[in-house]
Amino acid sequence: MDKYKKLVSNTAILSIGTLASKVLVYLLLPLYTSCLSPAEYSTADLITQTANLFLPILAVGMVDGIFRFAIDSAKDGDGAKVFFTSTVFIAIGSAVAFALIPAFGASGFFDGYSYLIPLYIVASNFHSSAAHFLRGEGKTKLFSLQGIICTALTIALNILFLVGFKMGVTGYVLSVIVSDAVMTVFLYIHSNLWRYLRISNFDGALAKKMIKYSVPMIPTTIFWWVTNVADRYMIAYSVGGDVNGLYAAAFKVPTLLILISGIFSEAWQFSAVTDGEDEDKENFFSRVFDSFQSIVFLCASVLILLAKFFTKFMLASSYSEAWRFIPLLTAATVFSSMVTFMSSVYVKHKKSMNSFITAMIGALSNVGMNALLIPRYGAQGAAVATLLCYVIVYVIRAIDTQRYIKFNTKPLTVLVNTALVGAQCVTMLLEFKYWYVCGAVSVVAIAAVNLKPLLASVKTVFGSFFGRFRAKK
């Protein structure tokens with residue numbers, strides 16, 4: 001049971017940092033939607049999402065690769081080489097980012113804010129590379145702590161820039177940039193990462209290995225960006241910035257589910273690589289996946305049930321219609337989370353090409369369905385397209401990963417859970433008279449269907465913490 005306890009422990013540590021940080025940001029939604037109109041929120045969202053597109057490209061995928069190679073370097077003592085070699089590529093990409101300012105301005109989407117994009121890219125890449133290097137070395141507590149500090153700083157700057165200085169879109173984006181920059185300096189000094197910045201630490205052979213692993217991650221990340229974000233550009237172009245602002249705000253509710261699954265995924269990827277080597281790995285993956293999918297479906301059902309509540313109390317009145325996009329986007333997030341779980345198999349076996357191919361299929365199907373559905377059904381068509389493309393990728397990965405680890409993906413349970421969440425979405429969107437009752441029934445039914453893995457999860461979590469408590473006594 002040690003590996004299960006280790007997984008629970010790492011998840012708990014990451015939860016403290018991530019929940020504290022992300023929940024606080026989530027609570028700032030009323031501030032964002034009161035200080036920014038739907039059109040301004042759309043512009044701010046497009047700026048950050050465009051920067052997110054270029055993050056992996058200009059870092060040559062090194063931010064993703066540094067975590068995987070840092071795990072190995074923690075064993076063989078090559079941490080300095082891993083860190084400096086990846087930093088060289090990130091520094092070169094940073095210079096290129098500023099050269100792209102005219103191209104960003106020519107796109108017409110950013111209303112004179114294009115200079116913020118390279119600043120966002122540079123600050124984010126340096127911060128992420130330092131943080132994920134330390135996480136790969138097993139410094140989970142520090143990784144969690146710096147996340148809390150970064151978020152607290154972002155919140156303070158948001159209040160200062162949006163409320164105090166009334167900087168609008170600039171203040172929204174600049175608060176993230178400054179926070180990332182400050183945290184980069186903090187990590188470099190606190191963990192003595194600056195000592196690794198020596199030319200002698202550049203390893204050509206290691207660089208080739210990291211590039212071989214990381215480069216396929218670039219198009220993979222781009223494809224996921226297309227899947228998650230391209231619809232917002234298409235909505236803004238076809239329907240308008242106001243509707244896109246509602247759609248972007250609506251996506252903040254499923255972000256709670258992304259938060260829960262993301263915390264677990266960060267801990268799980270580490271466990272999958274370090275603790276999934278023995279002959280019992282199939283059972284290890286099976287048990288963890290069963291618990292994971294049951295929790296994700298149950299949380300999604302609860303979020304859908306409370307969609308109107310969240311919209312009313314977390315968003316300004318001008319965003320009241322955003323609730324209509326929440327049910328399908330939440331359902332899409334369920335399959336996005338399970339797709340991420342499947343990627344742990346690829347990370348473990350360093351099969352980045354498999355991630356690339358499946359992500360490409362998802363992106364192409366998403367763009368095609370968006371082009372077909374958005375002109376007919378507006379932003380709701382985009383939500384449908386997002387859901388369907390994630391279902392497609394999940395099915396493909398669930399089959400493909402069996403070539404490497406033959407674990408039980410619980411197809412019948414997933415199908416039943418999907419049917420229950422689907423029925424809940426339909427009754428709510430069509431506003432049946434007793435849709436709320438139907439939603440509550442769905443929550444109870446999902447809990448009943450997944451009772452065994454849910455109880456197993458609770459038992460493992462409490463067993464782990466009580467075991468620690470007894471050990472300390």
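Residues numbered from 1 in each chain as written. Predicted model: local features only at pLDDT ≥ 70, side-chain atom pairs only at ≥ 80, totals over all residues. Heavy atoms only, no water.

Examining the nonpolar core
Step number 1: Core analysis: the biggest nonpolar cluster contains 127 residues, and Tyr41, Met338 and Tyr394 have the highest contact counts within it.
Step number 2: Tallying contributions element by element places helix α16 (residues 326-348) first for this core, with 13 residues.
Step number 3: Among all residues touching Tyr41, those that are not within four sequence positions of it are Leu29, Tyr32, Leu36, Tyr172, Gly245, Ala248, Ala249, Lys252 and Tyr319. (Core = buried A, V, L, I, M, F, W, Y, C linked by side-chain atoms within 4.5 Å. Buried < 20%, exposed > 50% of the residue type's maximum accessible area, 1.4 Å probe, protein only. Helix = DSSP H or I, 4+ residues; strand = E, 2+ residues; numbered from the N terminus. Contact = heavy atoms within 4.5 Å.)

A short note on the pattern of salt bridges
Step number 1: The full count for this structure, using the stated rule, is 9 salt bridges.
Step number 2: When the shortest N-O distance is used, the salt bridge between Lys139 and Glu137 registers 3.8 Å.
Step number 3: Classification of Lys139 by relative accessible area gives partly exposed; the value is 38%.
Step number 4: The residue Glu431 makes a salt bridge to Lys308 at a minimum N-O spacing of 3.5 Å. Here Lys308 lies in helix α15 (residues 307-314) and Glu431 lies in the loop between α19 (411-429) and α20 (435-449), a separation of 123 residues in the sequence.
Step number 5: Connected via shared salt-bridge partners are Lys308, Glu321, Arg324 and Glu431. (Salt bridge = Lys/Arg side-chain N within 4 Å of Asp/Glu carboxyl O.)

Some details on unusual backbone geometry
Step number 1: Of note in this structure, Asn192 is not a glycine but carries a positive phi near 55°.
Step number 2: Looking at the secondary structure, you find Asn192 in the loop between α9 (168-190) and α10 (204-214).

A word on the side chain of Asp231
Step number 1: Within the secondary structure layout, Asp231 lies in helix α11 (residues 217-238).
Step number 2: Within the buried set, Asp231 has no salt-bridge partner at all; the shortest N-O distance to an opposite charge, 4.4 Å, is to Arg232.
Step number 3: Beyond its immediate chain neighbours, meaning those up to four positions away, Asp231 contacts Val226, Tyr247, Asn370, Ile374, Ala382 and Thr386. (Lys, Arg positive; Asp, Glu negative; His and termini not counted.)

Here we look at the layout of surface pockets
Step number 1: For the second largest pocket, the calculated volume is near 210 Å³.
Step number 2: Around the second largest pocket, the lining residues are Phe335, Val391, Tyr394, Val395, Ala398, Ile399, Thr409, Pro411, Val414, Leu415 and Thr418.
Step number 3: Of all the elements in the fold, those that place two or more residues in the lining of the second largest pocket are α18 (379-400) and α19.
Step number 4: If one sorts the elements of the lining of the second largest pocket by residue count, α18 sits on top with 5 residues.
Step number 5: Across the lining of the second largest pocket, the residue classes break down as 9 nonpolar, 2 polar and no charged. (1 Å grid on protein atoms, 1.4 Å probe; cavity = no way out; pocket = protein on both sides within 12 Å on 5 of 7 lines; lining within 4 Å. Points joined across faces, edges and corners; volume = space filled by probe spheres on them. Nonpolar A, V, L, I, M, F, W, Y, C, P; charged D, E, K, R; others polar.)

Some details on the environment of Phe133
Step number 1: Within the element layout of this structure, Phe133 appears in helix α7 (residues 116-136).
Step number 2: The buried category is assigned to Phe133, whose relative accessible area is 0%.
Step number 3: Residues Phe133 and Ser73 lie 60 residues apart in sequence; the distance between their C-alpha atoms is 9.8 Å.
Step number 4: Sequence-distant contacts of Phe133, that is, excluding residues within four places in its chain, are made with Ile66, Ala70, Ser73, Gly79, Val82, Phe83, Leu193 and Tyr196.

Points about the confidence of the model for the protein
Step number 1: Residue-level pLDDT values for the protein average 86, and 88% of them are 70 or greater.
Step number 2: Per-residue pLDDT stays below 50 along residues 468-473; that stretch engages in 1 contact with residues further than four places along the chain or on separate chains. (pLDDT = per-residue confidence, 0-100.)

Things to note about the packing of aromatic side chains
Step number 1: On inspection of all chains with the given rule, the structure shows 26 aromatic pairs.
Step number 2: When the centroid spacing of 5.2 Å and the interplanar angle of 55° are considered together, the rings of Phe83 and Phe133 count as tilted. Highlighted residues: Phe83 in helix α5 (residues 79-99) and Phe133 in helix α7, separated in sequence by 50 residues. Take Phe83 and Phe133: they sit in the same class, and that class is buried.
Step number 3: When the centroid spacing of 6.4 Å and the interplanar angle of 25° are considered together, the rings of Phe161 and Phe165 count as stacked. (Phe/Tyr/Trp six-rings, centres within 6.5 Å; stacked < 30°, edge-to-face > 60°.)

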